[in-house]
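Below, each chain spelled out in residue letters.
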Amino acid sequence: MDIMLFHSTYGLRPAVEAAAERLRAAGHQVHVPDLFGGRTADTVEEGMALQKEIGKDELLKRAILAAAPYSERGLVYAGFSFGASVAQTLALGDDKARGLLLLHGTSDIAESASADDLPVQLHLADPDPFESHDWLTSWYLQMGRAGADVEVYRYPGAGHIFTDPDLPDWDEDAAERTWTVALAFLESLQDG
């Protein structure tokens, strides 16, 4: 399975590379583009400033260019927080997408979005400061209307990016449960 894995607003940090290695160990080919051009952030605020400096259009262009060489094969798009929103945008625009794995984030969905039977799995803290319950209900309904097959997993008490051991949000138990479920999801896409 070819997976395009996008980093969070913190940039391409060791936890993203470790996640890619975990996926590779499970037999997947993983591509990890650096949308920030080698820069990283120590705080969410720094990361958001970096995103603003680069610009939304440029970040999306970089993501599309990173995915383009592999998209004919049928990619699974995946990402952490900000990277999940990028992954979602690309997956909904790629009729060859095989799946969408969202870790800690979602994004707006265009009214015209179509995701016929696209398998989608979302893992989130509960509550999550960036993904309110009302937002998630609306997102879930919109994804359903677009035709996606969505599974949502919530982790009570975990921090926003709870899979990154170098961040204060780290929750080892929630992270391990996430990876167990996510790896089974990716395995099911190979069988499909």
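That block above? That's the structure.
A quick note: this is a predicted structure, and the numbers were derived from the prediction, not measured.

Criteria and cut-off values
- Residues numbered from 1 in each chain as written.
- Predicted model: local features only at pLDDT ≥ 70, side-chain atom pairs only at ≥ 80, totals over all residues.
- Heavy atoms only, no water.
- Core = buried A, V, L, I, M, F, W, Y, C linked by side-chain atoms within 4.5 Å.
- Buried < 20%, exposed > 50% of the residue type's maximum accessible area, 1.4 Å probe, protein only.
- Helix = DSSP H or I, 4+ residues; strand = E, 2+ residues; numbered from the N terminus.
- Contact = heavy atoms within 4.5 Å.
- 1 Å grid on protein atoms, 1.4 Å probe; cavity = no way out; pocket = protein on both sides within 12 Å on 5 of 7 lines; lining within 4 Å.
- Points joined across faces, edges and corners; volume = space filled by probe spheres on them.
- Nonpolar A, V, L, I, M, F, W, Y, C, P; charged D, E, K, R; others polar.
- Salt bridge = Lys/Arg side-chain N within 4 Å of Asp/Glu carboxyl O.
- Pairing = 2+ DSSP bridges.
- Axes fitted to C-alpha atoms, helices over the stretch in contact; angles between N-to-C directions.
- Phe/Tyr/Trp six-rings, centres within 6.5 Å; stacked < 30°, edge-to-face > 60°.
- Right-handed = clockwise from strand over helix to strand, strands pointing away.

Chemist: How would you sum up the nonpolar core? Please name residues and give values.
Modeler: One recurring pattern in soluble globular proteins: nonpolar side chains tend to sit buried together. Ranked by size, the top nonpolar core spans 34 residues in total, and within it Phe-6, Tyr-77, Leu-100, Val-120 and Met-143 carry the most contacts. By residue number, the principal contributor to this core is helix 4 (residues 82–92), which donates seven residues. Those residues in contact with Phe-6, other than ones at most four positions away along the chain, are Pro-33, Leu-35, Ala-63, Tyr-77, Ala-78, Gly-79, Phe-80, Gly-83, Val-86, Ala-87 and Leu-90. Listed in part, the 19 residues of the second largest apolar core include Val-76, Leu-103, Leu-186 and Leu-189.

Chemist: Kindly report on the layout of surface pockets, identifying the contributing residues and their values.
Modeler: Quantified by volume, the largest pocket comes out at close to 720 Å³. Where the lining of the largest pocket is concerned, the elements lending two or more residues are helix 2 (44–54), helix 3 (56–67) and helix 4. In terms of residue class, the lining of the largest pocket is made up of ten nonpolar, ten polar and four charged. Those elements that place two or more of their residues in the lining of the second largest pocket are helix 1 (14–25) and helix 6 (172–191). The biggest single contributor to the lining of the second largest pocket is helix 1, with six residues. Considered class by class, the residues forming the lining of the second largest pocket number twelve nonpolar, two polar and five charged.

Chemist: If you had to explain the pattern of salt bridges to someone new, which residues and values would you point to?
Modeler: Enumeration over the complete set of coordinates arrives at nine salt bridges. A salt bridge links Asp-2 to Arg-73; the nearest nitrogen and oxygen atoms lie 3.3 Å apart. Taken together, the residues Asp-2 in strand 1 (residues 2–6) and Arg-73 in the loop between helix 3 and strand 3 (76–80) connect sequence positions 71 residues apart. We classify Asp-2 as buried; its relative accessible area is 10%. The exposure class assigned to Arg-73 is partly exposed, which follows from its relative accessible area of 46%. The closest approach of N and O atoms between Glu-176 and Arg-22, which form a salt bridge, is 2.9 Å. Within this pair, whereas Glu-176 is found in helix 6, its partner Arg-22 is found in helix 1, the two being separated by 154 residues in sequence. Glu-176 sits in the partly exposed class, given a relative accessible area of 36%.

Chemist: Got a sec to walk through the sheet that holds strand 2 (residues 29–31)? Specific residues and values, please.
Modeler: Where strands meet in a sheet, backbone hydrogen bonds hold them as pairs that are either parallel or antiparallel. Spatially, 2-1-3-4-5-6 is the arrangement adopted by the six strands of the open sheet, whose pairing is parallel. For this open sheet the edge positions go to strand 2 and strand 6 (149–156), each flanked by a neighbour on one side alone. Averaged over all pairs of adjacent strands, the angle between strand axes in this sheet comes to 15°, irrespective of strand direction. Across eight bridges, the pairing between strand 5 (residues 119–126) and strand 6 is parallel. Paired with His-123 across the two strands is Tyr-153, which belongs to strand 6. Docked against the sheet, helix 5 (residues 133–146) engages strand 4 (99–103), strand 5 and strand 6, running at close to 160° with respect to strand 6.

Chemist: Please set out the packing of aromatic side chains residue by residue, giving values where relevant.
Modeler: Scanning all chains against the criterion turns up two aromatic pairs. Relative to Phe-162, the ring of Tyr-155 has its centre 5.0 Å away and its plane inclined at 50°; by these criteria the two rings are tilted. Assigned by exposure class, Tyr-155 and Phe-162 land together as buried.

Chemist: Any chance you could break down the pairing of strand 4 for me, citing the residues and the numbers?
Modeler: Counting buried positions over the five residues of strand 4 gives five, a clear majority of the element. You can see the chain leave strand 3, run along helix 4 and come back into strand 4, and the turn it takes is right-handed. Examined bridge by bridge, strand 4 and strand 5 share four bridges and lie parallel to one another. Its bridge partner being in strand 5, Leu-101 is matched across the sheet by Gln-121.

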